[in-house]
Amino acid sequence: MLGKILSVLARKKTLTDESVEKSELARCLTIMDLTMLGVGSTLGLGVYVLAGSVAKTEAGPSVTISFLVAAIASAFAGICYAEFAARVPKAGSAYIYSYVCVGEFVAFVIGWNLILEYVIGTASVARGLSSYIDKLIDNVMQNKMKELMPMNIDFLSKYPDFFSFGVILLLTGILSIGVKESTILNNIFTAVNLLTVLTVIIAGALKCDISNWNIPKSKIPAEVADKAGEGGFMPFGVSGIMAGAAKCFYGFVGFDCVATTGEEAKNPQRSIPVAIVTSLIIIFLAYFGISTVLTMMWPYYDQDENAPLPHVFTQIGWPVIMWIVTVGAVFALCTSLLGAMFPLPRVLYAMANDGLLFRFLAKINPRTKTPVLATIISGLLAGIMATIFDLQQLIDMMSIGTLLAYTIVAICVLVLRYEDPAPVTFDYSSHDQGIRYDGRGTGITNTVLHSMKQLFNLSMIKYPSLLSSAITKWGIVLFSILAVGVCSIIIYAGEALNSRYLWAVVLIVIFLFLMLVILLIICRQPVSSIKLSFKVPLVPIVPGFSVFINVYLMLVLDKYTWIRFGVWLAIGFLIYVFYGLKNSEEAKLSKKGEENNEFHVHHGTFARRTRAESLQAKYGYKPSNTVADILRSTKL
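Everything numeric in this text was worked out from a predicted model, so none of it was measured.

## Focus: the packing of helix H14 (residues 319-341) against helix H15 (residues 343-353)
And then number 1: Here H14 crosses H15 at 5°, and the two axes come no closer than 4 Å. The angle between the axes of H14 and H15 places the two elements in the roughly parallel class. Note on element contacts: H15 touches H14 through Pro343, Leu344 and Pro345, opposite Gly339, Ala340 and Met341.
And then number 2: For the contact of H14 with H15, a count of residues per class yields five nonpolar, one polar and no charged.

Here it is as structure tokens:
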């Protein structure tokens, strides 16, 4: 019974050439469109707020290093996405990747969390845009709404933000018109955003003073000295850089929306990986440039946490540049809003198309070639969230789904890289005991000795087998558990480590050593020979580091975020149990396959169900064959 449940939860999506090519969505997006989509969805609140905020409270001038660390961590996740885009050119991003690789249940969890990420991402940017515009008109909207409709509930906003709701509805209409039309608008807004960033960097460079990177503690004003650290380039030390990097990491969240366009990109296997990598490079250069000129123009301890760029240009007496930056920020937030909402209906469409969510969400408008109903429902959901929650509450709820998706994608890269693309398992009767065949006709003595040799592949096997795949999967599981252990020690026993308590040092050294051994074991396994247009380099190190950093950032999140996450998951599980399990397309295909497959059990023949077509193609097997016939046909 348990085995049957597990097999249902682990059933994978089967992609054929026909299913990849056949799509109701319009294939019209170029590499430029996808790159601008990635840049536009990511380069928003972060570039206009994050640099000054992190510089003042976390890292000082070394915020530039914080952005570099965050960029490296994001790049690891980005190139993992890029490989999957090359493998699976379908709409749905991490959802479809995990469905093909890991199984249906994990895919549903990832898809459900992506919905949470994009809904909250859209709502938070809309709320940020509303607040930004409200500040320009002296908080007229906020004051009036607090007077007319105050909301005195702790976990909700202080007032309903109908402006945010209206902006999201307007955006919903634009996205419903057509993907090409909305992409053109995104390209225009992103171009204005990049011009604004370039203007800030060039203008700021003219007023840079290198001495602001080396302010001694004695020259820091007394009123802020207790919050300004030790002065210099790293006033808060290495720990400040890493704490800043944890915040800066969220400035890179959003590039994964490019991966949801698998059925709308003209050449997804090539264009999506190129667009992801290119957009991450552009985003990093923008963040690095802004944070450099910002901290060189004005002391880090006197930055404005909410609007650093207008504040600095006002302080140096350049009001024209200040207004250029303000207008550019509005365009940037509009672009981020478009980029945040763009992938949401695509994920809903992909899940509904697979039968895991309600079918009406998969309907495509024949004229606009977009999932209009899914787009409208997405807009309404995001609009309601933006209306009743404030910006900080939305940001707190946003990150966990993203990080979990990044982790699963990195794990999937490892699994697929070391998996036999077409394994066939032969389990023979008891008189063939001790012998197992790996699907390539190679005899393997099923002994503990051989298993130990296989751990480090001392036999120099060149092709993946069921055993080598199993070793890799168990290695990934153990690596992830150890990563949780190491991150927990760093986060919750940091003082013991700093004080060099023996138990803490010994524990983390053992855990790190075991993690390195596991990576070595995985590295020694034979890899899949499938050719792809893009592959993650330095496997398993890059995906392994991606898993580690994502686990660390998830464990840093507060308990209330985990509680909200648990509630959201509980709602999703109810939908999956009462609707998805019965209506899954893969469940229907599996049932049909069971009806069509014929299995014959004789003395000395197969004891496990296999596909007759696969055996016929690879081994000349026919239903009446015995083990002896098969051994002769494979010349073993």
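## A short note on the packing of helix H3 (residues 31-42) against helix H12 (residues 268-297)
And then number 1: Orientation of H3 relative to H12, taken along the N-to-C sense of each, is 40°, at an axis distance of 8 Å. Taken together, the axes of H3 and H12 lie oblique to each other. In this structure, H3 crosses over H12, and the sense of that crossing is right-handed. Between H3 and H12, the residues in contact are Ile31, Leu34, Thr35, Gly38, Val39 and Thr42 and Arg270, Ser271, Ile272, Val274, Ala275, Thr278, Ser279, Ile282, Ile283 and Tyr287, respectively.
And then number 2: A per-class count over the contact of H3 with H12 returns nine nonpolar, six polar and one charged.

## Thoughts on empty space enclosed by the protein
And then number 1: Throughout the structure, instances matching the rule amount to two cavities of 30 Å³ or more.
And then number 2: For the largest cavity, the calculated volume is near 40 Å³.
And then number 3: Lining the largest cavity, in full, are Ile411, Leu414, Ile476, Phe479, Ser480, Leu519, Ile522 and Val547.
And then number 4: Elements supplying a minimum of two residues to the lining of the largest cavity: helix H17 (391-417), helix H19 (466-492) and helix H21 (502-524).
And then number 5: Considering only residue class, the lining of the largest cavity consists of seven nonpolar, one polar and no charged.

## Looking at the confidence of the model for the protein chain
Residues shown with low pLDDT carry predicted positions that ought not to be read at fine detail.
And then number 1: Looking at the protein chain as a whole, the pLDDT averages 78, with 81% of positions reaching at least 70.
And then number 2: Least confident of the elements in the protein chain is helix H26 (residues 627-633), whose mean pLDDT is 37; most confident is H21, at 93.
And then number 3: Low pLDDT, under 50, characterises residues 423-445; the predicted model gives this stretch 54 contacts beyond four residues in sequence or across chains.
And then number 4: Confidence drops under a pLDDT of 50 for residues 598-636, and excluding neighbours within four residues, the segment shows 56 contacts in the predicted structure.

## Some words on the side chain of Asn193
And then number 1: Relative to the helices and strands, Asn193 resides in helix H10 (residues 179-206).
And then number 2: The contact partners of Asn193, leaving out residues within four places of it in the chain, are Leu43, Tyr48 and Ala332.

## A short note on the environment of Thr172
And then number 1: Residue placement: Thr172 occurs in helix H9 (residues 162-177).
And then number 2: By relative accessible area, Thr172 is classed as buried at 5%.
And then number 3: Not counting residues up to four positions away in its chain, the partners in contact with Thr172 are Met341, Thr375, Ile376 and Gly379.

## What about the pattern of salt bridges?
And then number 1: For the structure shown, the criterion picks out six salt bridges.
And then number 2: As a salt-bridge pair, Glu83 and Arg417 come within 2.5 Å of each other at their nearest N and O atoms. Of this pair, Glu83 sits in helix H5 (residues 63-87) while Arg417 sits in helix H17, and the two are 334 residues apart along the sequence. Arg417 carries the same exposure label as Glu83, and that label is buried.
And then number 3: A salt bridge links Glu230 to Lys217; the nearest nitrogen and oxygen atoms lie 3.5 Å apart. On the criterion of sequence distance, the pair formed by Glu230 in the loop between H10 and helix H11 (237-249) and Lys217 in the loop between H10 and H11 is long-range, its members being 13 residues apart.
And then number 4: Taking the relative accessible area as the measure of exposure, Glu230 reaches 53% and is therefore exposed.
And then number 5: Classification of Lys217 as partly exposed rests on a relative accessible area of 42%.

## Details of the packing of aromatic side chains
The way to describe two aromatic rings as a pair is by their centre distance and the angle between their planes.
And then number 1: Scanning the model with the defined rule gives 18 aromatic pairs in all.
And then number 2: Residues Tyr81 and Tyr406 carry aromatic rings whose centres are separated by 5.8 Å and whose planes lie at 85° to one another, so their mutual orientation is edge-to-face. Of this pair, Tyr81 sits in helix H5 while Tyr406 sits in helix H17; the two residues are 325 residues apart in sequence, bridging distant segments of the chain. Of the two residues, Tyr81 and Tyr406, neither departs from the other in class, the shared state being buried.
And then number 3: Between Phe284 and Phe288 the ring centres are 5.5 Å apart and the planes differ by 45°, which places this aromatic pair in the tilted class. With a gap of four residues between them, Phe284 and Phe288 both fall in helix H12, about one helical turn apart.
And then number 4: For Phe284, a relative accessible area of 18% translates into the label buried.
And then number 5: Taken together, Phe105, Phe108, Trp112, Trp568, Phe573 and Tyr576 form an aromatic cluster joined through their ring pairs.
And then number 6: If you follow Arg127 out to its NZ or CZ, it ends over the ring of Tyr159, 5.0 Å from the centre.

## Some remarks on unusual backbone geometry
And then number 1: Residue Pro540 follows Val539 across a cis peptide bond; omega there is 10°.
And then number 2: By the element assignment, Pro540 lies in the loop between H21 and helix H22 (541-556).
And then number 3: One non-glycine residue, Arg500, lies in positive phi territory at about 55°.
And then number 4: The residue Arg500 is located in the loop between helix H20 (494-498) and H21 in this model.
And then number 5: Residue Arg500 is classed as exposed on the basis of its relative accessible area of 68%.

Thresholds applied
- Residues numbered from 1 in each chain as written.
- Predicted model: local features only at pLDDT ≥ 70, side-chain atom pairs only at ≥ 80, totals over all residues.
- Heavy atoms only, no water.
- Axes fitted to C-alpha atoms, helices over the stretch in contact; angles between N-to-C directions.
- Helix = DSSP H or I, 4+ residues; strand = E, 2+ residues; numbered from the N terminus.
- Parallel < 35°, antiparallel > 145°, perpendicular 65-115°, else oblique.
- Contact = heavy atoms within 4.5 Å.
- Nonpolar A, V, L, I, M, F, W, Y, C, P; charged D, E, K, R; others polar.
- Left-handed = near helix turned anticlockwise from the far one by under 90°.
- 1 Å grid on protein atoms, 1.4 Å probe; cavity = no way out; pocket = protein on both sides within 12 Å on 5 of 7 lines; lining within 4 Å.
- Points joined across faces, edges and corners; volume = space filled by probe spheres on them.
- pLDDT = per-residue confidence, 0-100.
- Buried < 20%, exposed > 50% of the residue type's maximum accessible area, 1.4 Å probe, protein only.
- Salt bridge = Lys/Arg side-chain N within 4 Å of Asp/Glu carboxyl O.
- Phe/Tyr/Trp six-rings, centres within 6.5 Å; stacked < 30°, edge-to-face > 60°.
- Lys NZ or Arg CZ within 6 Å of the ring centre and 35° of its normal.

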